[in-house]
Structures are given as C-alpha cells and as structure tokens.
Amino acid sequence: MANSRSSAIGTTMKEVFARPQTEVIRKYGEVNLTVRDLSRFRGERWLNGECVEAHMILYVDRYAPKTTAVASSFLWGSLESNGAETTLKRMAKPLEKFTQKSVVLVPMALSVEQHWVLAAVYLKERRIVMYDSNISSDRKKEGKMIAELFEKA
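Residues numbered from 1 in each chain as written. Predicted model: local features only at pLDDT ≥ 70, side-chain atom pairs only at ≥ 80, totals over all residues. Heavy atoms only, no water.

1. Looking at the sheet that holds strand β5 (residues 115–122)
1) Next: Read across the sheet, four strands follow the order β3-β4-β5-β6 without closing on themselves; strand pairing throughout is mixed. Each of the sheet's edge strands pairs with one partner strand only, and the pair in question is β3 (68–70) and β6 (127–131). Adjacent strand axes in the sheet meet at a mean angle of 25°, parallel and antiparallel pairs treated alike.
2) Next: Across five bridges, the pairing between β5 and β6 is antiparallel. Looking across to β6, one finds that A120 is bridged to V129.
3) Next: Packing of helix α3 (residues 49–63) onto the sheet brings it into contact with β3, β4 (103–110) and β5, and relative to β3 it is tilted by some 165°.
4) Next: Sheet strands in contact with helix α5 (residues 140–152) are β4, β5 and β6, and its direction is about 135° off that of β4. (Pairing = 2+ DSSP bridges. Helix = DSSP H or I, 4+ residues; strand = E, 2+ residues; numbered from the N terminus. Axes fitted to C-alpha atoms, helices over the stretch in contact; angles between N-to-C directions. Contact = heavy atoms within 4.5 Å.)

2. Focus on the environment of E142
1) Next: Mapping E142 onto the fold places it in helix α5.
2) Next: With 32 residues separating them along the chain, E142 and L110 place their C-alpha atoms 9.7 Å apart.
3) Next: The contact partners of E142, leaving out residues within four places of it in the chain, are W76, M108, L110 and M130.

3. Re the pairing of β4
For a regular strand, side chains alternate in direction, first toward one face of the sheet and then toward the other.
1) Next: Where burial is concerned, most of β4 is hidden: seven out of the eight residues are buried.
2) Next: Pairing analysis gives three bridges linking β3 to β4, with the strands arranged parallel. The residue of β4 that forms the bridge with A69 is V104.
3) Next: For the handedness criterion, the β-α-β arrangement of β3, helix α4 (residues 75–96) and β4 is classed as right-handed.
4) Next: Here eight bridges tie β4 to β5, and the two strands are oriented antiparallel to one another. Paired with M108 across the two strands is V117, which belongs to β5. (Buried < 20%, exposed > 50% of the residue type's maximum accessible area, 1.4 Å probe, protein only. Right-handed = clockwise from strand over helix to strand, strands pointing away.)

So, in structure tokens, the structure goes:
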C-alpha cells in the first residue's frame, strides 16, 4: 500500500512540473508560487524570495496571525539599494499594515554572501533580533538599516 501511495504522489508532482514554468500553482498573501518556484525544492538549488516568503506566511498564518506580519522578501533589496527614504516612499502602503502587529518578520537575501537572514522587528519594544545561521557574521549594519526604516515608517 505504501508503494502505491508513493507512486501516486510522485506522478502528481511529475504532472505539476510538466506544466508551464510561469503557471501560478498557489497564492499566499501577495506571493504567487509558480511551477518554477516549486522546482527549486528539487535538487540542490537556492530558494528564491517567493519560496521563503510563502513559507513564512504559511507559518505566521498558522501560529501567530494576530500578532505577526511578514514583510516582502523584496523589502531588504530595496532598502539596501535605495536607502530608507526611497524605500519608504515606494512601500509606504504595504508598511502601514505592520502598525497593528507586535512583530514584523523581514526575510533578507544577502546577495554578496548568497545567504538568507531573518530580522524580527518587535515594534512595541523597539527591538530588532537578527537570526543568522552564520554565527561568525556581525549583523549590526543590517540591523541599523532595518531600524532606520521602521523608525521613519
């Protein structure tokens, strides 16, 4: 029985991956997961922003929907490239929804290191915690940039 179930799941995934790469499989919040995004879970490929953000939305919706929000995975890229002022102008409306929450999770794709880091912004406490599996890294610069954005928001 287990073998027939395994082959049924495998066949289903084969059918999904045979679809056009740009086809939207599922929408999570503002994130559209495509066949191309799901294919990143096969083999040794890097996860993209859509995969990371969709996973975080699923987690927050299940465990902390009233207190926690997930920022766009593109927020960090905009902040790093354009600074807080420009990012705030471009993303003022999306950032408004965070004011009702206690915690904002900010996924950060660090392009130079090709590494994901998570910033947890505790709004009421005015505190930022950086979660990074690379223990040797000092994330003060990134933390200051996130703090500047949320102070101006």
